[in-house]
Amino acid sequence: MTEREKLEIAAAALRHNGFDPVICVEKAQSAVSVILDWIEPDASLEMAGSVSVGQLGLLDLLRARGNPGLDFPAPGEDAGGRERRDVLLVSANALTLDGKIVNIDGMGNRVAAMAHGMRRVILLIGANKIVADVDEALDRVQHVIAPYHAKCLGVDTPCARTGTCSDCSSRERICNVTTIISRRPPGAQFSIVLAAEDLGLGWDPAWPAERIERIQAAYRVEIDKFRAALAQARKGAPD
Ligand code: SF4
């Protein structure tokens, strides 16, 4: 099955599960204009961290357009003190061919906002995140993606050292909240773009090493940017 065929099957399943609109694009860059059209120029955005979104330069474009909410909270400001945001723009850890959105979170802020409370949830998902079913999604995210993510973040977990998940009890464990969104929750508006290219962190270990390395390298670039922005915010220095 080609990436495009997988995309179309997953898109049809998402629509069947009540998600609308669901748009497929060949080139990931084509998702940019679609997403910018979906977000009103004055809509405030919820920051939940998405390498896929960062890779397309969407945050810079939205920031330049004046959309509020794209910067880290000021030092000392917690999430509870932040005003309610309009739009959550993120990716998902995995999407199944039968249209289920699967995520594993450390804090739970991303998945909580995805399930409830946002006026609109916009998901940008690359072809590399599409898997056969929920079992494959959970296995891949927990045992392949999370250990790599932990290593890149430099957290103190066993998987960051060994590359293997041991279902740890680490204080810095990054896998604490698992969600499977099977159908659109009532009252939630989801707008979803599926791109026939690789975006963000997701791969099957059986894929060619060159493709996996390309995905990892692009991911590390975004993680470095994230770290720099976080350090800047902690210093409280101006941009
Ligand atoms: S449960 Fe622990 S060891 Fe497993 S992937 Fe998550 S952080 Fe790593």
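The residue count restarts for each chain, going from 1 along the sequence in the order it is written. Note on the predicted model: pLDDT of at least 70 is required for a residue's local features to be given, and 80 or more for side-chain atom pairs to be given and counted; whole-chain, interface and lining totals, by contrast, use all residues.

Details of the overall build of the protein
Quick reminder of the rule: For helices the rule is a DSSP run of H or I covering at least 4 residues; for strands it is a run of E covering at least 2, with both sets numbered from the N terminus onward. The size measure is the radius of gyration over C-alpha atoms, and the globule rule it meets is 2.2 Å times the number of residues to the 0.38 power. Burial is judged by counting other C-beta atoms within 10 Å of a residue's own C-beta: 20 or more means buried, 12 or fewer means exposed, and anything between counts as partly exposed, with every C-beta placed from the backbone. It is the C-beta atoms, placed from the backbone, that decide contacts: two residues are in contact if theirs lie within 7 Å.
Along the backbone of the protein there are eight helices and nine strands. A compact globule built from 239 residues would reach a C-alpha radius of gyration of about 18 Å, and the protein, at 17 Å, matches this within 12%. When its C-alpha atoms are laid out on the principal axes, the protein stretches across 50 × 40 × 30 Å. For the protein, the residues scored as buried account for 34% of the 239 residues in total. Here the contacts in the protein between residues at least 6 apart in sequence split such that 76% fall between residues at least 24 apart.

Remarks on the sheet that holds strand β2 (residues 45-46)
The condition is simple: Two strands are counted as paired when DSSP detects at least two bridges linking them.
Strand order in the open sheet made by the five strands is β1-β9-β6-β3-β2, with parallel pairing throughout. This sheet does not close on itself; its edge strands, each paired only once, are β1 (22-25) and β2. Bridge count for strand β3 (residues 87-90) against strand β6 (residues 120-126) is four bridges, and the pairing is parallel. Note that in β6 the partner of Val-90 across the bridge is Leu-123.

Here's the deal with helix α6 (residues 134-153)
Definition in use: Across the chain, bend at a residue is computed as the angle between axes fitted to the seven residues ending at that point and the seven starting from it.
Along α6, the largest kink reaches about 40 degrees and is centred on Ile-145; proline Pro-147 follows within four residues of it. The complete set of buried residues in α6 reads Ala-137, Arg-140, Val-141, Ile-145, Ala-146, Pro-147, His-149 and Ala-150. Among the structural elements, β4 (94-96), β5 (101-105), β7 (130-131) and α7 (158-162) are those in contact with the buried residues of α6. Remark: Gly-154 follows α6 within two positions and exhibits a positive phi of approximately 75 degrees.

Considerations on the sheet that holds strand β8 (residues 177-181)
Put simply, the rule reads: What counts as an axis is a line fitted to C-alpha atoms, over the stretch in contact for a helix, and the angles between N-to-C directions run from 0 to 180 degrees.
The strand order across the open sheet formed by four strands is β7-β4-β5-β8, and the pairing between neighbours is mixed. A single partner strand is all that each edge strand has here, and the edge strands are β7 and β8. Sheet analysis places β4 next to β7, joined by two bridges and oriented parallel. Within β7, the position partnered with Leu-95 by the bridge is Ile-130. Where α6 meets the sheet, it contacts β4, β5, β7 and β8, and its direction lies at approximately 30 degrees from that of β5.

As for the site of the ligand
As a reminder, the rule being used: Whether a residue is near a molecule or strand depends on its C-beta atom, generated from backbone atoms, being within 6 Å of that molecule or strand. Under this grouping Gly is polar, as are all residues other than the nonpolar Ala, Val, Leu, Ile, Met, Phe, Trp, Tyr, Cys and Pro and the charged Asp, Glu, Lys and Arg.
Neighbouring the ligand are 15 residues, the closest being Ala-146, Cys-159, Cys-165, Cys-168 and Cys-175. Where the shell around the ligand is concerned, the elements lending two or more residues are α6 and α7. In terms of residue count, α6 provides more of the shell around the ligand than any other element does, four residues in total. Looking at the shell around the ligand residue by residue, the classes come out as nine nonpolar, four polar and two charged.

Things to note about helix α1 (residues 3-16)
Quick note on the threshold: An expected span of 1.5 Å times one less than the residue number is assigned to each helix. Throughout, the arc means that of the directions going from the helix axis to the C-beta atoms.
A rise of 1.5 Å per residue sets the reference length of α1, with its 14 residues, at 20 Å; its end C-alpha atoms lie 20 Å apart and thus fit the reference within 8%. Residues of α1 that are buried include every one of Leu-7, Ala-10, Ala-11 and Leu-14, and no others. For α1, the arc enclosing every buried residue in end-on projection is 105 degrees, short of the 170-degree limit, so these residues lie on one face. Exposed residues pointing more than 90 degrees away from the buried face of α1 are listed as Glu-5 and His-16.

Things to note about the environment of Gly-202
Within the secondary structure, Gly-202 sits in the loop between β9 (190-195) and α8 (209-235). Each C-alpha atom of the pair Gly-202 and Ala-146 lies 9.8 Å from the other, and the pair is 56 residues apart in sequence. Excluding residues that lie within four positions of it along the chain, Gly-202 makes contacts with Ala-94, Asn-128, Lys-129 and Ile-145.

What to know about the pairing of β5
Burial within β5 is extensive, with four of its five residues counted as buried. Inspection of the sheet shows β4 paired to β5 by two bridges, in the antiparallel sense. Bridge assignment links Ala-94 to a residue of β5, and that residue is Val-102. Counted between consecutive antiparallel strands, the loop separating β4 from β5 contains four residues, among which Gly-99 sits at a positive phi close to 80 degrees. The pairing of β5 with β8 spans five bridges and is antiparallel. Looking at β8, one finds that Val-102 is bridged to Ile-180.

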